[in-house]
4 protein chains.
Amino acid sequence: MTLSTRQTDEIASERGQSNATRRVVAPLLEEILFQAMPVLDHGFVRVVDYMGDDGAVVQAARVSYGRGTKKVREDQGLINYLMRHRHSTPFEMCEIKYHVKLPIFVARQWIRHRTANVNEISARYSILDNEFYLPEPQHLAAQSEENRQGRGDVLDAAQGQRVLDLLRDDSLRAYSRYQEFLNQDDEGNELDAERSGLARELARMSLSLNFYTQWYWKIDLFNLMHFLSLRADAHAQFEIRVYAEAMIETLRRWVPLTYNAFEAYRIGAVTLSGPQLKVVRALLGGELPTQESSGLSKREWAELMTALGR
Amino acid sequence: MTLSTRQTDEIASERGQSNATRRVVAPLLEEILFQAMPVLDHGFVRVVDYMGDDGAVVQAARVSYGRGTKKVREDQGLINYLMRHRHSTPFEMCEIKYHVKLPIFVARQWIRHRTANVNEISARYSILDNEFYLPEPQHLAAQSEENRQGRGDVLDAAQGQRVLDLLRDDSLRAYSRYQEFLNQDDEGNELDAERSGLARELARMSLSLNFYTQWYWKIDLFNLMHFLSLRADAHAQFEIRVYAEAMIETLRRWVPLTYNAFEAYRIGAVTLSGPQLKVVRALLGGELPTQESSGLSKREWAELMTALGR
Amino acid sequence: MTLSTRQTDEIASERGQSNATRRVVAPLLEEILFQAMPVLDHGFVRVVDYMGDDGAVVQAARVSYGRGTKKVREDQGLINYLMRHRHSTPFEMCEIKYHVKLPIFVARQWIRHRTANVNEISARYSILDNEFYLPEPQHLAAQSEENRQGRGDVLDAAQGQRVLDLLRDDSLRAYSRYQEFLNQDDEGNELDAERSGLARELARMSLSLNFYTQWYWKIDLFNLMHFLSLRADAHAQFEIRVYAEAMIETLRRWVPLTYNAFEAYRIGAVTLSGPQLKVVRALLGGELPTQESSGLSKREWAELMTALGR
Amino acid sequence: MTLSTRQTDEIASERGQSNATRRVVAPLLEEILFQAMPVLDHGFVRVVDYMGDDGAVVQAARVSYGRGTKKVREDQGLINYLMRHRHSTPFEMCEIKYHVKLPIFVARQWIRHRTANVNEISARYSILDNEFYLPEPQHLAAQSEENRQGRGDVLDAAQGQRVLDLLRDDSLRAYSRYQEFLNQDDEGNELDAERSGLARELARMSLSLNFYTQWYWKIDLFNLMHFLSLRADAHAQFEIRVYAEAMIETLRRWVPLTYNAFEAYRIGAVTLSGPQLKVVRALLGGELPTQESSGLSKREWAELMTALGR
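All of these numbers come straight from a predicted model, not from anything done at the bench.

Let us now look at the relation of the copies chain B and chain A. Note on the copies: chain B fits chain A at an RMSD of 0.0 Å, the axial shift is 0.0 Å, and the rotation between them is 180 degrees. On this basis, the relationship between the two copies can be described by a two-fold rotation axis. By C-alpha distance to the rotation axis, the residue of chain B lying nearest is Ala20 of chain B, at 2.4 Å. Residue by residue, 98% of the interface of chain B is reproduced at the interface of chain A, so both copies engage with the same surface.

Below is the structure:
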């Protein structure tokens, strides 16, 4: 990740301010507020605002108990309980806002989560920067044989290098064409006084899906955890997973008790279907059910055995 | 509004804290943060958290302009433009959280706005307080003759007093019955050792719709303004309008520039249909269209004449 | 449930129509379309429109495979897979619309699900009917001792009868007062020519929470299943559970394959946390972990033992 | 638009079915159900399912009036009223589902509307077709001088031709590279037995933003009209506007009364701010306010004068 001087200055200025507030504060998150956490070759994610903390979750959960509650549960226990029973509304009382720089094909996956607020740079108004994603060689993998959506073996060094060279050449050419269409160079000067620049909203068509875009993205804590549990999952594409992983670190700093519960009851959790549960009970009863006898599909059986560490 | 000692202490403690933050702060809103603004006889609304300010709206709007923007618009002008053209996403970057105490029949109207997060006291767990809404005599009005959903003339003093007396008696009786069903008095002691208390989730059925409930309610700035424009409107029921009016004051303190634009382009605005606009053009051209010649319905014609101050 | 003659006629007329359409049709659901399924003493739920079927789910899931897919999975297997992996979007392609009559306190729980579209009878415009919920004696239970939100033992016959008598008397009185405030009798005639009727929006305050309301409620298949899994759960209040149970029958008729998957992977499913899974693995390995040694809370341990049938 | 033989057959088969249903039917929409309406050079939009009609809107609006309503308003009048006063919930009772083929850069604008359900072809699983958007020469315009987001003059013939030639060459080259990365030709055969194909989720990065994608897109009538009013607007990019225009035709066939109201009260409507309304009143009173005296910005003044036809 390379930040421009303008961006570095802006971040320094944002981080330099200290204001007095009556609101609750998340001290560990304040430490890294506005800081850009590098992701991929040119991307980043940074927290630019937040509202609420673990206490806000607990307070919202307790409003349901009011006067009638005599014994106050311990906060971690209560948050664990809410997480386990998928009580969503107390977690919705907290909100966080990120500034993210990410390749367009990643943005296209990300935007499917509709429960967030988004303001993205518009290439109808703005000219995108000459920044595009090139994978590290160890992430250039062949199509998986077993899994229709996954990656298989990493390409050998020569093949990988060839892909990278082609991708870099193509991307540079695409950006040149973009500038040619716009009739404008890096400094914003006209390239050719005899021509008109094509409208920005059309010129952008020449860019490929690995070019970077940016957005502000704001979401509540419940929906953030839903997003993270899907996108930090092993089935998610590597290029979005690395963003989710960086954001899990911000979760830990923001709401440490909720983070603990998230790790135990979401990331580490497994849902067993009725038929799968029956197999577990049989196994515990000393029986030896097989995939055939269980009525489970091969895939379900395999998923169960993995979960049970067999 | 009467706050319990416990509530007064809690508010004092919340207001007493001062934390350092790198986040933006809304100074006028900080002044009244956590303070209960009285509404109706026992209700209140108070801001308990917020995120963002006018600057966050402007920043989100400008992300669309990026490098390509040379001349920076003045903030108020930009916010006016966003409001006028109903650009929603920049306003969604700000969030606010209220604690509200309100009669159940008001809560039933309020909850129709689905774009907010809510945590309400549950009468399955908690025992509701003996607090119910009794209107001021000047708000006891007859059914409107013209408007199917509105109020007409205020009841005369004697009739009004009678309604209030009956409503108070009924409400007190309802609460007595509630306690009888629960088999519990104000101090939480058993009323009759020979009986079991009815489950709370059933006992609550005896309460009437004027009893008070409470909730935390969190919403983004765009949807808040939508809520306020509908609920501060003259067609809204008085008992919800007074909440909206108190909340408009919090809007003014939170985001003063957005508040200005809201007043000019939402509250004071009028939408003219194509046919209505044609009438305005005709009038400006010196013609004298009539309701009949215009093709407008009587109601549309009347709405237009009101808007034009005729 | 008693339907008025007007309602019975309306349903007969709706059921009498037969139109030709190019759309997909769910034959089992067509059989009961518009029919009122009785719930509680005066309530009902009926399907009044729908869109899509199991095939629409499968089609949406397969759009992701397009040309690249050679082997077509069997539909039930695909739907099971989607359900197991919580893929939501294919299920969102189907939509259903209900007409529901339900007590106000049930409506207040129901409306918390914000992902549906609702049109409720407004008591600002309309006069509610003299219909209120009285539980069956076997559903009149005491507050649970163990579970803060549940019911415990059923009241003995004498106590139960007393509660019912009081509840009936109070409800009748409340409706009388409502009519007195409105100054209107059952036939809509003025009660007292000397008085004005109180505005409807105010008069309704005298009604208690067991009075019935009605609404149209429209939701997509994914969110419907989420609603049903929460509201058909043993922890849900009996009075909403019976609605969910009636609606599960409509699910079975509408999308039979999705219903099968719903039963196996939602209703019958259990989610094990990371720490709970560790206990299962230990048990399968022949160890004998205890609650203390496991690090689980008592509640979590109990939930796990129940799931394992121990 | 060219449909493959497989698609043409599929559409014929879908259109060939005729089922009996008790549901309401929209006859004019049934006529074109499943038919692909061509948009741009390779795109289309087609209605593949729907639920409800004008009658469902009216019914939902009237549920609020119930027994209390004596005089039944005429349907068109009621729908006009709902549209004028922005009553959203009755329109939410209808739902429609489209199948759309569109360039990726158009899809990126479209997806910002979050109130719809979407299932898009995934290029992680599937291989995209060799279809990309090339504008008609008359739509190749320069960047607008006045409007930061718009298009200005059309490029002269030579410049336009040059842009098209380059865009075609680049797009063809991008698709070649895509196949090279996948190591697969048009028939799905391996190109080079010595190489592995790059994973699909990576290979797609080489495609440019004018390539076509496809999705199912489902939305309720209220949110559809919101989408259409924004995207059929003169400020919307031409390439999305043409989709909106085709969809307005489906609106007319689906809900003719709602369509009439939409044309009069949305498309043809103008919202005047408080200050703008003051100018109109002054003009009607014979005064001659100027931009300076009015307090309006130049832009607001110009917008007002345009609305008034001056």
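The next point concerns the packing of helix 8 (residues 221-231) of chain B against helix 10 (residues 256-267) of chain B. Residue and element names in this part refer to chain B. Contact pair helix 8 / helix 10: the axes reach a minimum separation of 12 Å and the direction vectors enclose 45 degrees. The orientation of helix 8 relative to helix 10 falls into the category oblique. Considering how the two elements wind past one another, helix 8 and helix 10 form a crossing that is right-handed. Only Thr258, Phe262, Arg266 and Ile267 of helix 10 make contact with helix 8, whose side of the interface consists of Leu221, Met225 and Ser229. Residues that form the contact of helix 8 with helix 10 fall into these classes: 4 nonpolar, 2 polar and 1 charged.

Before going further, it helps to spend a moment on helix 6 (residues 157-182) of chain C. Over its 26 residues, helix 6 of chain C extends 37 Å from the first C-alpha to the last, a length consistent with the 38 Å expected when each residue adds 1.5 Å. Listing the buried residues of helix 6 of chain C in full gives Val163, Leu167, Asp170, Ser171, Ala174, Tyr175, Arg177, Tyr178, Glu180, Phe181 and Leu182 of chain C. Those residues of helix 6 of chain C that are buried lie in contact with helix 6 (157-182) of chain B together with helix 7 (200-203) of chain C. Looking one or two residues beyond helix 6 of chain C, the residue adopting positive phi is Asn183 of chain C, at roughly 60 degrees.

The next point concerns the sheet that holds strand 2 (residues 37-39) of chain D. All names here are of chain D. Reading across from one edge, 2-3-4-8-5 is the order of the 5 strands in this open sheet, with antiparallel pairing throughout. At either end of the open sheet lies a strand with only one pairing partner, and these are strand 2 and strand 5 (117-120). Averaged over neighbouring strand pairs, the angle between their axes works out to 25 degrees when direction is ignored. Here strand 3 (residues 43-51) runs beside strand 4 (residues 95-103); their pairing, made up of 7 bridges, is antiparallel. Residue pairing across strands places Val47 opposite Tyr98, the latter belonging to strand 4. Of the strands in this sheet, strand 2, strand 3 and strand 4 touch helix 9 (residues 238-254), which is tilted by about 35 degrees from strand 3.

Moving on, we come to the packing of helix 3 (residues 54-62) of chain B against helix 4 (residues 75-84) of chain B. Residues and elements named next belong to chain B. Axis separation between helix 3 and helix 4 bottoms out at 10 Å; the angle between their running directions is 70 degrees. It follows from the interaxial angle that helix 3 and helix 4 lie roughly perpendicular. Where helix 3 approaches helix 4, its residues Asp54, Val57, Val58 and Ala61 are matched on the opposing element by Asp75, Leu78, Ile79 and Leu82. For the contact of helix 3 with helix 4, the residue count by class is 6 nonpolar, no polar and 2 charged.

Let us now look at the interface of chain B and chain A. Bring the parts together and some accessible area is lost; that lost area is often taken as the interface size. Contacts between the two partners involve 42 residues from chain B and, on the opposite side, 41 residues from chain A. Looking at the side of chain B that touches chain A, the elements with two or more residues in it are strand 1 (19-21), strand 3 (43-51), helix 3, strand 4 (95-103), strand 5 (117-120) and strand 8 (212-220) of chain B. Residues belonging to the side of chain B that touches chain A are distributed by class as follows: 17 nonpolar, 14 polar and 11 charged.

Residues and elements named next belong to chain A. Judged by pairing direction, the sheet is antiparallel, and its 5 strands sit side by side in the order 2-3-4-8-5 without closing on themselves. Each having just a single partner strand, strand 2 (37-39) and strand 5 (117-120) make up the two edges of the open sheet. Strand-to-strand twist of the sheet, defined as the mean angle between neighbouring strand axes without regard to direction, takes the value 25 degrees. The sheet strands contacting helix 8 (residues 221-231) are strand 4 (95-103) and strand 8 (212-220), and the helix crosses strand 8 at an angle near 130 degrees.

Here we take up the pairing of strand 3 of chain D. Two faces, one strand: in a regular strand the side chains alternate between the faces of the sheet. Residue and element names in this part refer to chain D. In terms of residue burial, strand 3 counts as a mostly covered element, since 9 of its 9 residues are buried. As paired strands, strand 2 and strand 3 are joined by 3 bridges and run antiparallel to one another. Paired with Val39 across the two strands is Gly43, which belongs to strand 3. Linking two consecutive strands that pair antiparallel, namely strand 2 and strand 3, is a turn of 3 residues; a positive phi of about 55 degrees is found at Leu40 within it.

About the cut-offs
- Residues numbered from 1 in each chain as written.
- Chains lettered and ligands numbered in written order.
- Predicted model: local features only at pLDDT ≥ 70, side-chain atom pairs only at ≥ 80, totals over all residues.
- Least-squares fit on C-alpha atoms with pLDDT ≥ 70 in both.
- Contact = placed C-beta atoms within 7 Å.
- Axes fitted to C-alpha atoms, helices over the stretch in contact; angles between N-to-C directions.
- Helix = DSSP H or I, 4+ residues; strand = E, 2+ residues; numbered from the N terminus.
- Parallel < 35°, antiparallel > 145°, perpendicular 65-115°, else oblique.
- Left-handed = near helix turned anticlockwise from the far one by under 90°.
- Nonpolar A, V, L, I, M, F, W, Y, C, P; charged D, E, K, R; others polar.
- Expected span 1.5 Å × (residues − 1).
- Buried ≥ 20, exposed ≤ 12 C-beta atoms within 10 Å, placed from the backbone.
- Pairing = 2+ DSSP bridges.

None of the figures reported here should be taken as evidence of function without further support.
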